[in-house]
Amino acid sequence: MKKAPIRYLIVIIITALAAALVIWADRISAIENKKFYDFPLVIGQWYGRQVPMEDYVYQSLETNYALLRNYSSPHYLLPVNLSIVWFDDRNISFHAPEACLGGVGNLVKTKGTTRVSLGHERDVGKLVVEQNGMRQVVIYFFDEDGYITMSQSALRLRVLMKRLRFKRSSVSFIRIMAPIAGSETETMSAIQAFLQEMYPLVPDYLYIDRATS
């Protein structure tokens, strides 16, 4: 019987903490990413072109920080497409990648993971999608100031733990996709080559301690 009051006390403490976090989240100001749209158009031997997005896209994403670009290299036949969406810790509302791609007519053929080099070897999400007979390889991951994951629940828990310490954070969704012209292996080779050049730039433009100062 003595355990019941302890359980009630724990529930009360957790409820109080959750209420405090809600109040704190309402009062904190938005973080301005001053460098997001300065993300380079030229990355090594990859040359980018901005893909325009309509206002409704930003509204559905619930953030002002989103870019979509095609990067081409003389060493690869077809371009890779880079999408980055950035949120501060007040409102993290990512949509599932397969849902976003399905919303614009892509059919998900396979879903799994693959290992890529992001400073260290990391597992990231991988899709193969098809639209109008064209197949594409898609890789994606979430980046919370250097913490790489495919799990939105792990991401939200990490942000919550930072809030409990009254620390701010930001989260980016990074997606790279490229058409399968020959083999899927060749397409992954192009994606890997682009990542090797692109990812070292991420901290300066997306991480809260650099992009907002």
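In case you missed it, the structure is sitting above this.
Below, the structure is looked at part by part.

Criteria and thresholds
Residues numbered from 1 in each chain as written. Predicted model: local features only at pLDDT ≥ 70, side-chain atom pairs only at ≥ 80, totals over all residues. Heavy atoms only, no water. Helix = DSSP H or I, 4+ residues; strand = E, 2+ residues; numbered from the N terminus. Expected span 1.5 Å × (residues − 1). Buried < 20%, exposed > 50% of the residue type's maximum accessible area, 1.4 Å probe, protein only. Arc of directions from axis to C-beta. Core = buried A, V, L, I, M, F, W, Y, C linked by side-chain atoms within 4.5 Å. Salt bridge = Lys/Arg side-chain N within 4 Å of Asp/Glu carboxyl O. Patch = residues over 30% accessible without salt bridge, like charges linked within 9 Å, V, L, I, M, F, W, Y side chains within 5 Å. Areas by Shrake-Rupley, 256 points an atom, 1.4 Å probe, with all protein chains shown as cover.

Moving on to helix 5 (residues 184-198). Here helix 5 contains 15 residues, and its C-alpha end-to-end distance of 21 Å stays within 8% of the 21 Å for a straight helix at 1.5 Å per residue. Those residues of helix 5 that sit buried are Thr187, Met188, Ala190, Ile191, Phe194, Leu195 and Met198. Looking straight down helix 5, one finds its buried side chains confined to an arc of 155°; they lie on one side. Along helix 5, exposed side chains directed more than 90 degrees from the buried face belong to Thr185 and Glu186.

Right, let's get into the nonpolar core. If you look at the biggest cluster of nonpolar residues, it comprises 35 residues, and the most contacted ones within it are Phe39, Leu82, Ile176, Phe194 and Met198. Looking at this core, the elements that each hand over two or more residues are strand 3 (66-72), strand 4 (80-88), strand 5 (107-118), strand 6 (120-131), strand 7 (134-144), strand 9 (170-179), helix 5 and helix 6 (202-206). Sorting elements by how many residues they give to this core places helix 5 first, with five residues.

The next subject is the pattern of salt bridges. Tallied over the entire structure, the rule returns six salt bridges. The salt bridge partner of Glu144 is Arg158, with a shortest N-O separation of 2.3 Å. Of the two residues, Glu144 is situated in strand 7 and Arg158 in helix 4 (residues 152-164); the sequence distance between them amounts to 14 residues. For Glu144, a relative accessible area of 0% gives the class buried. Each of Glu144, Arg158 and Lys162 takes part in a single network of salt bridges with overlapping partners.

Attention now moves to a nonpolar patch on the surface. Taken together, the side chains of Leu157, Leu160, Met161 and Leu164 define a hydrophobic patch exposed on the protein surface, amounting to about 330 Å² of accessible area. For Leu160, the location among the structural elements is in helix 4.

Our focus in this paragraph is unusual backbone geometry. Glycine aside, a negative phi is what most residues show, and trans is what most peptide bonds show. The residue Asn132 is not glycine, and still its phi comes out positive at about 50°. Structurally, Asn132 can be placed in the loop between strand 6 and strand 7. Unlike most non-glycine residues, Asp145 shows phi in positive territory, near 50°. Mapping Asp145 onto the fold places it in the loop between strand 7 and strand 8 (147-149).

Worth remembering: the numbers are spatial, not functional.
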